[in-house]
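Letter by letter, the chains look like this.
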Amino acid sequence: MLKLVIKHMMRLKNTLRRRLHMICWNLHYGKQFKAKKFHFRDNFRIYIEENGQLKIGENCFFNNNCSVTVRKKVTIGANCIFGENVSIYDHNHCYSETDKLISKQGFQSDEVVIEDDCWIATNVTILKGVHVGRHSVIGTGVILYKDVPANSVIVCKQELRIVNKRKIRHTI
């Protein structure tokens, strides 16, 4: 019985925490932040700068340590799930003027769209201008810088090679 009470207390705590975050985001960002009911775990961060707009569809889930940083516009469709450590950016630093500090050159921004029913796996980074089509899966560790057609599965092809074997001398 005690385990059941503790379980319900934890659910209540998490629900209240989520609702408090939603209220704070709505108060802080106003019309820049539009979201239906969605769920998130610890350290989910939203940063909306200047005139940026963030729209999150219904029934989305963000795992631990996800972040969305918006300067222009990010739109996330309904029923999307995000693994741990997913980062979404709709902008990048300008750096072509060699006579100026990079930090003083501003940003280039372009809208990011993630359509309905997508799974973005752990440690994925989505960069400016990317459009992910509905029902797509983005595999672990992908740095997404191009559009993804609907119903696609994207993986990070990584080659693991043994470049050398160590010679261990055992001393007693």
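Residues numbered from 1 in each chain as written. Predicted model: local features only at pLDDT ≥ 70, side-chain atom pairs only at ≥ 80, totals over all residues. Heavy atoms only, no water.

1. Notes on the overall build of the protein
Phase 1: In terms of helices and strands, the protein carries 1 helix and 18 strands.
Phase 2: Relative to its length of 172 residues, the protein is extended, with a C-alpha radius of gyration of 20 Å against a globular reference of 16 Å.
Phase 3: For the C-alpha atoms alone, the extent of the protein along its principal axes is close to 60 × 60 × 35 Å.
Phase 4: The proportion of buried residues among the 172 residues of the protein is 33%.
Phase 5: For the protein, restricting intrachain contacts to residue pairs at least 6 apart in sequence, the fraction spanning at least 24 positions comes to 19%.
Phase 6: Total accessible area computed for the protein in this model is approximately 12100 Å², and 53% of it derives from carbon and sulfur atoms.
Phase 7: Once the 28 positive and 15 negative side-chain charges of the protein are each reduced to a mean point, those two points are 10 Å apart. (Helix = DSSP H or I, 4+ residues; strand = E, 2+ residues; numbered from the N terminus. Rg over C-alpha atoms; globule rule 2.2 N^0.38 Å. Buried < 20%, exposed > 50% of the residue type's maximum accessible area, 1.4 Å probe, protein only. Contact = heavy atoms within 4.5 Å. Areas by Shrake-Rupley, 256 points an atom, 1.4 Å probe, with all protein chains shown as cover. Lys, Arg positive; Asp, Glu negative; His and termini not counted. Charge placed at Lys NZ, Arg CZ, Asp CG, Glu CD.)

2. Looking at the side chain of Thr75
Phase 1: Summarising the element assignment, Thr75 is placed in strand S7 (residues 73-76).
Phase 2: Discounting residues that sit within four places of it in the chain, Thr75 has contacts with Lys55, Glu111, Val112, Val113 and Ile114.

3. Quick word on the sheet that holds strand S17 (residues 143-144)
Phase 1: Read from one edge of the open sheet, 5 strands run S3-S6-S9-S14-S17, paired in parallel fashion. In this open sheet, the two edge strands, each paired with only one partner strand, are strand S3 (45-48) and S17.
Phase 2: Here S3 pairs with strand S6 (residues 67-70) via 4 bridges, running parallel. Paired with Ile46 across the bridge in S6 is Val68. (Pairing = 2+ DSSP bridges.)

4. Here's the deal with the packing of aromatic side chains
Phase 1: Inspection of every chain in the model, using the stated rule, returns 6 aromatic pairs.
Phase 2: Taking the centre distance of 4.4 Å and the plane angle of 5 degrees together, the rings of Phe62 and Phe82 count as stacked. Of this pair, Phe62 sits in strand S5 (residues 61-62) while Phe82 sits in strand S8 (residues 81-82), and the two are 20 residues apart along the sequence. By the burial criterion, Phe62 is buried, and Phe82 matches it.
Phase 3: Aromatic ring contacts, followed pair by pair, group Phe38, Phe40, Phe44, Phe62 and Phe82 into a single cluster. (Phe/Tyr/Trp six-rings, centres within 6.5 Å; stacked < 30°, edge-to-face > 60°.)

5. Quick notes on the pairing of strand S4 (residues 53-56)
Phase 1: In S4, alternate side chains face the same way, and those of Leu54 and Ile56 are buried while those of Gln53 and Lys55 on the opposite face are not.
Phase 2: Where S4 lies against S7, 4 bridges are found, and the strand directions are parallel. Within S7, the position partnered with Lys55 by the bridge is Thr75.

6. Side note on the sheet that holds S8
Phase 1: Strand order in the open sheet made by the 6 strands is S2-S5-S8-S13-S16-S18, with parallel pairing throughout. A strand with exactly one partner marks an edge of an open sheet, and here the two such strands are strand S2 (39-40) and strand S18 (153-154).
Phase 2: Pairing of strand S13 (residues 119-120) with strand S16 (residues 137-138) involves 2 bridges; the strand directions are parallel. Paired with Ile120 across the two strands is Ile138, which belongs to S16.

7. Digging into the pattern of salt bridges
Phase 1: Tallied over the full model, the rule gives 4 salt bridges.
Phase 2: Linking Glu50 and Arg71 is a salt bridge whose minimum nitrogen-to-oxygen distance equals 2.7 Å. Of this pair, Glu50 sits in the loop between S3 and S4 while Arg71 sits in the loop between S6 and S7, placing them 21 residues apart in sequence.
Phase 3: Given a relative accessible area of 58%, Glu50 falls into the exposed group.
Phase 4: When its relative accessible area of 14% is taken as the criterion, Arg71 is described as buried. (Salt bridge = Lys/Arg side-chain N within 4 Å of Asp/Glu carboxyl O.)

8. What about the side chain of Ser136?
Phase 1: Summarising the element assignment, Ser136 is placed in the loop between strand S15 (131-132) and S16.
Phase 2: Judged by relative accessible area, Ser136 falls into the buried class, the value being 1%.
Phase 3: Within the structure, the side chain of Ser136 is placed 2.8 Å from the backbone oxygen of Gly133, a separation counted as a polar contact.
Phase 4: Discounting chain neighbours no more than four positions away, the residues touching Ser136 are Asp117, Cys118, Trp119, Val148, Pro149, Ala150, Asn151 and Ser152. (Polar contact = N/O pair within 3.5 Å; in protein donor to acceptor, adjacent residues only side chain to side chain.)

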